[in-house]
Amino acid sequence: MAGQSHYTLPRPEFDRPVKLLIVVAPYYRDIADGMLEGARAEIEACGGTHETVEVPGALEVPTAIGIADRQSNFDGYVALGCVIRGETTHYDTVCNDSSRALQLLGLQGLCIGNGILTVENHQQAAVRADPADQNKGGGAAAAALHLIALARKWGGQRKGVGFRPASDEYQIAGQTKGPSTA
């Protein structure tokens, strides 16, 4: 229910800078702008940097994150958008498929904060997007930052994003093979 308070984890700290990509679908520009403001403030509060790209809609957000993962060097990602229920079942498709795609990317080791709002009306979205109210953009950025902290804790210092091995490593039956040190 809206208006109830919830526990928020303390902000993670980093010994070296973090760089995040914010992927936003600005279909509802006013909602997207509020979420962007909250996400950027949260990342900057951790001393992180960010870039922002826009995509047409919520369904394109996971695809953009997948492309960025393969072709860039971000530590994590913030997915932002808003889906408001309409008169058809398209709402269900967009909500379910965008969420499922982000979850699958996360299970592959990407550090993603999902800030795609799924609401009944514009008023619900406005409350959730407002940085001075529910600040779901800031919450999505915080989620990505916490996952980056875990990845760094458990993954050691490696190239790439999340748990993906560096390009000069590969695994065979649980053994890590890398370049010869001889």
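Refer to the structure printed above.
About the cut-offs
Residues numbered from 1 in each chain as written. Predicted model: local features only at pLDDT ≥ 70, side-chain atom pairs only at ≥ 80, totals over all residues. Heavy atoms only, no water. Helix = DSSP H or I, 4+ residues; strand = E, 2+ residues; numbered from the N terminus. Contact = heavy atoms within 4.5 Å. Areas by Shrake-Rupley, 256 points an atom, 1.4 Å probe, with all protein chains shown as cover. Core = buried A, V, L, I, M, F, W, Y, C linked by side-chain atoms within 4.5 Å. Buried < 20%, exposed > 50% of the residue type's maximum accessible area, 1.4 Å probe, protein only. Phe/Tyr/Trp six-rings, centres within 6.5 Å; stacked < 30°, edge-to-face > 60°. Lys NZ or Arg CZ within 6 Å of the ring centre and 35° of its normal. Salt bridge = Lys/Arg side-chain N within 4 Å of Asp/Glu carboxyl O.

S.K.: I'm lost on the overall build of the chain in this one. Help?
M.R.: Check the secondary structure of the chain and you find five helices and six strands. For the chain, the proportion of contacts with a sequence separation of at least 24, taken over those separated by at least 6, is 76%. Put simply, the chain shows about 10,600 Å² of open surface, and 50% of that area lies on carbon and sulfur atoms.

S.K.: Quick question: what am I supposed to make of the nonpolar core here?
M.R.: General note: in soluble globular proteins, nonpolar side chains tend to be found buried as a group. Judged by nonpolar contacts, the single largest core of 26 residues is most densely connected at L20, I22, I31, V78, L80, C82 and L117. Sorting the residues of this core by element identifies β1 (19-24), α1 (29-45), β3 (76-84), β4 (112-119), α4 (122-129) and α5 (136-155) as the ones contributing at least two each. In this view, I31 contacts C82, L117, H122, A125, A126 and A129; residues no more than four positions away in its chain are not counted.

S.K.: Looking at this structure, I do not really get the packing of aromatic side chains. What am I missing?
M.R.: How two aromatic rings sit relative to each other is given by the distance of their centres and the angle of their planes. Within the structure shown, the criterion is met by two aromatic pairs. An angle of 80° between the planes, with centres 5.0 Å apart, marks the rings of Y27 and Y28 as edge-to-face. What makes Y28 partly exposed here is its relative accessible area of 24%. If you follow K19 out to its NZ or CZ, it ends over the ring of F74, 4.9 Å from the centre.

S.K.: Would you mind going over the pattern of salt bridges with me for this structure?
M.R.: When the charged atoms of two side chains with opposite charge come close together, those side chains can pair. This structure, assessed with the given rule, holds nine salt bridges. Note that K19 and E51 form a salt bridge whose closest N and O atoms lie 3.5 Å from each other. Pair noted here: K19 is in strand β1 and E51 is in strand β2 (residues 49-54), with a separation of 32 residues, a long-range link. Residues R100 and D97 are paired through a salt bridge, measuring 3.0 Å at the closest nitrogen-oxygen approach. On the criterion of helical spacing, the pair formed by R100 and D97 is a turn pair, its members being three residues apart in helix α3 (residues 90-107). The exposure class of R100 is partly exposed, given its relative accessible area of 49%. The exposure class of D97 is partly exposed, given its relative accessible area of 33%. One salt-bridge network, in which partners are shared between bridges, spans R29, D33 and E54.

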